[in-house]
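Inside the fold
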Amino acid sequence: MVPDASHTAAGHTGASQPVQAAVDSVFREEWGRIVATLIATTGDWDLAEECAQDAFTRALQVWDRDGVPSRPGAWLTTAARNRAVDVVRRRANEAVKLRQALLTEPAAGEPPPVTPETGGIADDRLRLIFTCCHPALPLEARVALTLRTLAGLTTAEIARAFLVAEPAMAQRLVRAKRKIQAARIPYRVPPADLLPERLTGVLAVLYLLFNEGYTASSGPDLIRPVLSAEAIRLTRLMAGLMPGEPEIGGLLALMLLNDSRRAARTDTSGAPVPLPAQDRGRWDHAEIGEGLAILASLTGDAPPGVYQLQAEIAACHARAAEPDGADWAAIARLYADLAGYVASPVVELNRAVAVGMAEGPAAGLVIADELATSGQLTGYHLLAAVRADLLQRLGRPAEAAAACRTAIDQAGTDAERRYLQRRLAEITDPARRT
């Protein structure tokens with residue numbers, strides 16, 4: 001889906017369904033690369049997004065007439081770059097004319113054009129992440145801005161990921177871009193001595209980028225594998241930049257272990273398949289082996305961090321030959337340890353699931369109900385879905401059905417809604433259970 005402004009433009013082009021599908025597909029794969037390239041070329045974040053959107057909108061028109069090119073990403077990059085060059089030249093000409101009209105020379109303090117500094121890494125997208133994750137920006141703004149510019153998520157999708165209102169997220173993004181421009185934050189991978197202070201923000205970005213690919217916040221599909229693959233690729237680059245950093249290793253292990261289940265996570269209709277029902281023969285055992293090896297290599301005197309703990313949880317599932325073989329008591333303890341680092345209601349919801357498996361549904365429901373009462377996850381469909389499962393296991397079908405209907409109303413993707421509708425049918429008609 002072409003982002004934000006292009007949604008409207010695309011709706012009036014009359015492009016055929018195959019062309020629209022082709023544009024949507026290449027958007028998911030190429031948006032971040034194109035925007036990063038344009039930012040490196042122009043130094044203007046808003047211009048980069050505007051020209052990228054313009055290229056995608058033009059593609060809907062031109063490809064419908066001439067056919068989809070053999071290298072659509074290259075076509076879009078060229079179209080966007082040409083548009084950006086035209087705008088920059090027009091602005092320069094206008095500035096010259098204005099100076100001539102005013103009979104003045106450029107101010108002595110006028111800043112020079114922005115040029116990218118490589119920092120030794122020839123990857124525009126990694127430079128983009130480090131620029132977004134400059135410590136001058138608030139942490140949430142760093143993450144949100146990178147998800148917008150690199151992953152092409154809409155403002156609504158990012159707001160949903162942060163559990164905040166869309167207008168508030170829009171303001172946050174505008175302020176972050178203005179801060180980068182005003183402070184002239186360089187577009188580069190910083191030198192080695194500055195890497196540690198950026199690490200927390202960069203890893204948070206990569207983690208959320210992977211998660212948006214692992215479970216999309218909205219749209220027709222549950223999984224956006226291109227985003228997950230990009231997050232893994234960039235995390236490998238980070239591991240090369242800072243070898244031996246345990247949290248980078250923990251995050252890479254976590255991504256690999258979770259991504260290993262991708263082929264088994266959806267059915268033929270695209271609806272999610274719960275972990276206990278997945279065909280473990282379809283898991284990618286090469287990824288599992290690599291993830292477990294990375295996790296085992298992480299040593300040190302310090303206690304495991306946020307990503308290492310989550311990787312340990314994923315490893316508990318990966319090591320179990322059967323769903324019932326997972327050590328749910330250990331998983332519950334790991335979530336409790338994770339809560340000591342991250343005061344997140346989502347972590348607590350996951351702990352509710354683990355406790356419900358280790359100690360029984362009643363114990364899990366106590367935690368889930370406390371979350372519901374607190375209001376911290378209002379509108380979050382997975383809270384209602386977890387409560388529906390726990391209530392069904394407790395033999396309270398009417399309450400389970402009500403919770404499941406709430407989850408359906410709140411779900412962000414078509415695939416999740418289809419799955420929840422099937423679960424609702426099973427709750428209301430036990431004969432339909434398989």
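Keep in mind that this is a model prediction, so the values were computed, not measured.

Before going further, it helps to spend a moment on the overall build of the chain. If you tally the helices and strands in the chain, you get 19 helices and zero strands. The buried share among the 434 residues of the chain stands at 48%. Across the chain, the fraction of contacts at a sequence separation of at least 24, relative to all contacts at a separation of at least 6, is 65%.

Look at helix α10 (residues 225-241) against helix α11 (residues 246-259): their axes get within 10 Å of each other, and the N-to-C directions meet at 155°. By the angle class used here, α10 and α11 are roughly antiparallel. The interaxial crossing formed by α10 with α11 has left-handed handedness. Of α11, the residues touching α10 (which contributes S228, A231, I232, T235, R236, M238 and A239) are I248, L251, L252, M255, L256 and D259. Taken together, the residues that form the contact of α10 with α11 break down as nine nonpolar, two polar and two charged.

One pass over the full model with this rule turns up six aromatic pairs. Members of the aromatic cluster, joined through ring pairs, are F27, W31 and F56. A cation over a ring is seen here: R261 above W283, with NZ or CZ 5.9 Å from the ring centre. The aromatic ring of Y214 is capped on one face by R265, whose charged end is 3.6 Å from the ring centroid.

The end-to-end C-alpha separation of helix α15 (residues 345-358) is 20 Å, in line with the 20 Å expected for 14 residues at 1.5 Å each. Among the residues of α15, P345, V347, L349, A352, A354, V355 and G356 are the ones counted as buried. Looking at the buried side of α15, the elements it contacts are α14 (328-341), α16 (361-374) and α17 (381-393). Two to three positions downstream of the cap, the backbone nitrogen of V346 sits 3.1 Å from a side-chain oxygen, assigning the N-cap of α15 to S344.

With that out of the way, let us pick up the side chain of E287. Note on placement: E287 falls in helix α12 (residues 285-297). Although E287 is buried, it forms no salt bridge, and the closest oppositely charged side chain is R262 at an N-O distance of 4.9 Å. Contacts of E287, omitting those with residues within four sequence positions, involve I232, L256, D259 and S260.

Relative orientation of the contacting elements helix α2 (residues 17-42) and helix α5 (residues 124-132) amounts to 75°, with a least axis distance of 9 Å. Taken together, the axes of α2 and α5 are roughly perpendicular relative to one another. Counting all contacts with α2, which are made through G32, R33, A36, T37, I39 and A40, the residues of α5 involved are D124, R125 and L128. For the contact of α2 with α5, a count of residues per class yields four nonpolar, two polar and three charged.

Turning our attention to the nonpolar core. Core analysis: the largest hydrophobic core is formed by 129 residues, its most contacted members being L206 and M238. Excluding residues within four positions of it along the chain, L206 makes contact with I129, A231, L234, T235, M238, L251 and M255.

Along its 14 residues, helix α18 (residues 397-410) runs 20 Å from first to last C-alpha, staying within 8% of the 20 Å computed at 1.5 Å per residue. Within α18 the residues assigned to the buried category are A400, A401, A403, C404, A407 and I408. Down the axis of α18, the buried side of the element spans an arc of 165°, and every buried residue falls inside it. Away from its buried face, by an angle of more than 90 degrees, α18 presents the exposed residues A398 and D409. Packed against the buried residues of α18 are α17 and α19 (414-428).

With respect to the element layout, P135 can be found in the loop between α5 and α6 (139-149). Between the C-alpha atoms of P135 and L199, which are 64 residues apart in sequence, the distance is 9.9 Å.

So, on to the confidence of the model for the chain. Put simply, the chain has an average pLDDT of 82, and 87% of its residues get 70 or more. Here residues 1-13 scores under 50 on pLDDT; set against residues more than four positions off or in separate chains, the count is 29 contacts. Taken as a whole, residues 101-121 scores under 50 in pLDDT and shows 22 contacts with residues more than four places along the chain or in a different chain.

Procedures and definitions
- Residues numbered from 1 in each chain as written.
- Predicted model: local features only at pLDDT ≥ 70, side-chain atom pairs only at ≥ 80, totals over all residues.
- Heavy atoms only, no water.
- Helix = DSSP H or I, 4+ residues; strand = E, 2+ residues; numbered from the N terminus.
- Buried < 20%, exposed > 50% of the residue type's maximum accessible area, 1.4 Å probe, protein only.
- Contact = heavy atoms within 4.5 Å.
- Axes fitted to C-alpha atoms, helices over the stretch in contact; angles between N-to-C directions.
- Parallel < 35°, antiparallel > 145°, perpendicular 65-115°, else oblique.
- Left-handed = near helix turned anticlockwise from the far one by under 90°.
- Nonpolar A, V, L, I, M, F, W, Y, C, P; charged D, E, K, R; others polar.
- Phe/Tyr/Trp six-rings, centres within 6.5 Å; stacked < 30°, edge-to-face > 60°.
- Lys NZ or Arg CZ within 6 Å of the ring centre and 35° of its normal.
- Expected span 1.5 Å × (residues − 1).
- Polar contact = N/O pair within 3.5 Å; in protein donor to acceptor, adjacent residues only side chain to side chain.
- Lys, Arg positive; Asp, Glu negative; His and termini not counted.
- Salt bridge = Lys/Arg side-chain N within 4 Å of Asp/Glu carboxyl O.
- Core = buried A, V, L, I, M, F, W, Y, C linked by side-chain atoms within 4.5 Å.
- Arc of directions from axis to C-beta.
- pLDDT = per-residue confidence, 0-100.

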